[in-house]
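# Descriptive analysis of the structure
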2 protein chains.
Amino acid sequence: MLEQELTERQLSSKEIFDGRILHVFEDTVSLPDGKSASREYLRHIGAVCIVPVLENGDVLVERQYRYPVAQVLTEIPAGKLDRRDEDHLLAAQRELREETGAVAGRWQSLGVFYPACAYSDEAIEMFLARDITFTAREPDEDEFLNVMRVPLDELYADVMAGRIPDAKTQIAVLKVYSILHHNTL
Amino acid sequence: MLEQELTERQLSSKEIFDGRILHVFEDTVSLPDGKSASREYLRHIGAVCIVPVLENGDVLVERQYRYPVAQVLTEIPAGKLDRRDEDHLLAAQRELREETGAVAGRWQSLGVFYPACAYSDEAIEMFLARDITFTAREPDEDEFLNVMRVPLDELYADVMAGRIPDAKTQIAVLKVYSILHHNTL
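In this report, we go over the structure that sits alongside the text. (Residues numbered from 1 in each chain as written. Chains lettered and ligands numbered in written order. Predicted model: local features only at pLDDT ≥ 70, side-chain atom pairs only at ≥ 80, totals over all residues. Heavy atoms only, no water.)

Here we come to the overall build of chain A. Each helix and strand counted, chain A has three helices and ten strands in total. Reading the secondary structure of chain A in the N-to-C direction produces β-β-β-β-β-β-β-α-β-β-β-α-α. Counting all 185 residues of chain A, 57% fall into the buried class. Just so you have it, chain A exposes about 7900 Å², and 46% of that area is on carbon and sulfur atoms. (Helix = DSSP H or I, 4+ residues; strand = E, 2+ residues; numbered from the N terminus. Buried < 20%, exposed > 50% of the residue type's maximum accessible area, 1.4 Å probe, protein only. Areas by Shrake-Rupley, 256 points an atom, 1.4 Å probe, with all protein chains shown as cover.)

What follows is the structure in structure tokens.
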């Protein structure tokens, strides 16, 4: 099938839920064969995440309770954009400083990922942050998390062994390990 | 803060939307400081994805239109469980055969990831599949996709360069490349 023939076209769109975080839609689309189907999906403002690597090779990570999976998870710092057109680098610098108190002198984009392209338009841009100094943390009032330092090699081993289930942390740590250890970028 | 003190406790739960794919809930929880907050999230049945590596080092991937992001994406084969307690390996074998016609003689789990732990309980188990032979494809009636073969090295380079936004494909390809090239597992 030619690529342009795979496209689905919107016939109608209905807003199901307009929450604080989740914005749920149900659209009717025409399929490549002319039939119609429904598509349930989320619209998300977008987000950023950061791998902050210290001079000695340690990475700043957070331990935070995630209600949907009922577990405390190890994650790299991350946060939603304040608005859809916010500059991603500025958002990453804000989130890193607020959550960990870290300020980085050197930033590098690691690209974007879609966590769930089948049912969400969320895109998360990943950053590598280096040349780090510290200022005061400013966590959001309802954000409870512990900041820890873990050697990059140990974090990579944890990801490879399946001990870090968070998607953004897996992708960004694997990329940073590849960049710093194999000079692939 | 002690880890057990990070936990949030459910005070009440409300079903917002019971769709075909999306099941949306809004709960009220008590926070570590005793205040209460709302948590919007999805319940998902769970899924599997597969990196099928052929004898010559090619990987079977799919090109499929993803309506939420309005793009044709390159993805490894994947699919939802048929039921929450379905055996993940059997589900992976079924999805691989239906979507690509491939049957693998050697399977290895690559661990699990949570695509969006902040607002979804979805868990995706990843598999590496080898010793592949082919039978007939049986795609779902409303599933339109093209199957392609891409060398693992090229797929890895595409992921590192940010040309493959799909999360499951990024994680699983980075893991398989690490396993096959650096013998890290």
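Another aspect to go through is empty space enclosed by the protein. Empty space left among the atoms is revealed by rolling a probe the size of a water molecule over them. For the structure shown, the criterion picks out one cavity of 30 Å³ or more. The computed volume of the largest cavity comes to approximately 80 Å³. Lining the largest cavity, in full, are A:Tyr156, A:Leu174, A:Tyr177, A:Ser178, A:His182, B:Tyr156, B:Leu174, B:Tyr177, B:Ser178 and B:His182. At the level of elements, helix 3 (167–182) of chain A together with helix 3 (167–182) of chain B are the ones that each hand at least two residues to the lining of the largest cavity. Residue composition of the lining of the largest cavity, by class: six nonpolar, four polar and no charged. (1 Å grid on protein atoms, 1.4 Å probe; cavity = no way out; pocket = protein on both sides within 12 Å on 5 of 7 lines; lining within 4 Å. Points joined across faces, edges and corners; volume = space filled by probe spheres on them. Nonpolar A, V, L, I, M, F, W, Y, C, P; charged D, E, K, R; others polar.)

The subject of this paragraph is the pairing of strand 5 (residues 58–66) of chain B. Remember that side chains alternate between the two faces of the sheet whenever the strand is regular. Residues and elements named next belong to chain B. Most of strand 5 is tucked away, with nine of its nine residues classed as buried. Residues Asp-58, Leu-60, Glu-62, Gln-64 and Arg-66 point to one face of strand 5 and Val-59, Val-61, Arg-63 and Tyr-65 to the other, with burial holding for every one of them. The pairing of strand 5 with strand 10 (residues 145–151) spans seven bridges and is antiparallel. Note that in strand 10 the partner of Gln-64 across the bridge is Leu-145. Sheet topology note: the strand 5/strand 6 (residues 71–75) ladder contains five bridges and is antiparallel. Counterpart to Glu-62 in the pairing with strand 6 is Glu-75. Between the antiparallel neighbours strand 5 and strand 6 lie four residues, among them Ala-70 with a positive phi of about 55°. (Pairing = 2+ DSSP bridges.)

This part covers the relation of the copies chain A and chain B. In the superposition of chain A on chain B (RMSD 0.0 Å, axial shift 0.0 Å), the rotation amounts to 180°. The two molecules are tied by a two-fold rotation axis, judged by turn and shift. By residue overlap, the copies meet face to face through one surface: 100% of the interface positions of chain A are interface positions in chain B. (Least-squares fit on C-alpha atoms with pLDDT ≥ 70 in both. Contact = heavy atoms within 4.5 Å.)

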